[in-house]
Amino acid sequence: MQKLTAGLLGLASFAALATPAFAQETTEDRPFSGIYVGAAGGYDVQPNDVGSRILFDRNLDGNFNNTVLTGAGGNAFNPGFCNGRATQTGNVACRNDKDGWAYYGRVGMDVQRSNIVIGAVGEFGKSEITDSVTGFSSTPANYVMTRSVKWESSIRGRAGYAADTTLFYGTFGAGYARIDRSFSSSQSTNTFTGRGDRNQWGMLGGGGIEQKLGRNFSVGMEYMYHQYQDNDYRVRVTGPAGTPFTNANNGGTVNGTDIARSDDKFRWHSIRATAAFRF
């Protein structure tokens, strides 16, 4: 986080220092040259994580390839899983993952030569999406793992083609996000303890169109794809000896069971409007 924050601050500082020089380049011949500050806002949509489930490490060897068994030796999670948040305790019924609004501030710099525009942009903001997966046991009970975006920042390159005062561009770069994770269950016999790094590196890519309105102001539309590796969150299930999670007589251990999500990537799509003031 410190490195990315330093990068964003450095880009902002460079923008402030370089503004007088680049302001001279923002002419009718080069409408997209210069430093700019702006904002982006829109709606984030998640792909349907078909087949998402909860994985189990019963003997705590780091391999999540076990089946939690009942005292009679049956599959304790025979009711199954769903890629969403549980709506009931006993039935495999879930509501869809929550899509939501997103809003960002940005600072960037472009250089235009003829019709070609290249530059860089730094961004910081927030998305309201949440992504859940649920397992249902035969108890009956549900076990829900959820993640959401606390904040997201990125530094990206940008390249495009300017047709007069209209810019068509693509953008790609690194992202760094605070991902909040949570766990809940409808049963209270066991104790559930979560652990894992909340800050994750990822990548963003997309493109858009930007239209100048006068000398300094522009608006546009942008699509962005976000992807973060999110595979280190674990929940340790402990409790009385002999529960399905702590039964040492059928392949488990009295120390408990670790659980994790099968979908180890947090991904979503953004459609957003942009506005910028170019110095």
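What you see is a predicted model; the values in this text were computed from it and never measured.

From N to C terminus, the protein includes one helix and 16 strands. Residue burial in the protein is summarised as follows: out of 279 residues, 46% are buried. Pairs at least 24 apart in sequence give 73% of the contacts found in the protein among residues at least 6 apart. If you sum the accessible surface of the protein, you get close to 12600 Å²; carbon and sulfur atoms cover 55% of it.

Inspection of the secondary structure assignment puts Tyr-143 in strand E9 (residues 141–163). In this structure, the C-alpha to C-alpha distance between Tyr-143 and Ser-185, residues 42 residues apart in sequence, is 4.5 Å. If we skip the residues at most four places from it in the chain, Tyr-143 touches Ile-54, Phe-77, Val-133, Thr-134, Gly-135, Ser-137, Phe-183, Ser-184, Ser-185, Gln-187, Phe-192 and Phe-245. Engagement of the side chain of Tyr-143 in a polar contact is seen with the side chain of Gln-187, the distance being 3.2 Å.

With respect to the helices, strands and loops of the structure, Gly-74 is situated in the loop between strand E2 (54–57) and strand E3 (80–82). Gly-74 gets classed as partly exposed once you look at its relative accessible area, which sits at 28%. Taking the C-alpha atoms as reference, Gly-74 lies 9.7 Å from Ser-138; in sequence the two are 64 residues apart. If we ignore the near neighbours within four places in the chain, the residues touching Gly-74 are Val-68 and Leu-69.

A few words now on the packing of aromatic side chains. Tallied over the entire structure, the rule returns 14 aromatic pairs. Consider the rings of Phe-77 and Phe-81, whose centres lie 6.0 Å apart with planes at 0°: the pair is stacked. Ring geometry for Tyr-143 versus Phe-192: centroids 6.1 Å apart, planes at 65°, classification edge-to-face. In this pair, Tyr-143 sits in strand E9 while Phe-192 sits in strand E11 (residues 191–195), placing the two residues 49 residues apart along the sequence.

What follows is about the state of the cysteines. Across all of its chains, the model carries one disulfide by this definition. Here Cys-82 is linked by a disulfide to Cys-94, with a sulfur-sulfur distance of 1.5 Å. Of this pair, Cys-82 sits in strand E3 while Cys-94 sits in strand E5 (residues 94–95), placing them 12 residues apart in sequence. For Cys-82, a relative accessible area of 9% puts it in the buried group.

Criteria and thresholds
Residues numbered from 1 in each chain as written. Predicted model: local features only at pLDDT ≥ 70, side-chain atom pairs only at ≥ 80, totals over all residues. Heavy atoms only, no water. Helix = DSSP H or I, 4+ residues; strand = E, 2+ residues; numbered from the N terminus. Buried < 20%, exposed > 50% of the residue type's maximum accessible area, 1.4 Å probe, protein only. Contact = heavy atoms within 4.5 Å. Areas by Shrake-Rupley, 256 points an atom, 1.4 Å probe, with all protein chains shown as cover. Polar contact = N/O pair within 3.5 Å; in protein donor to acceptor, adjacent residues only side chain to side chain. Phe/Tyr/Trp six-rings, centres within 6.5 Å; stacked < 30°, edge-to-face > 60°. Disulfide = S-S within 2.5 Å.

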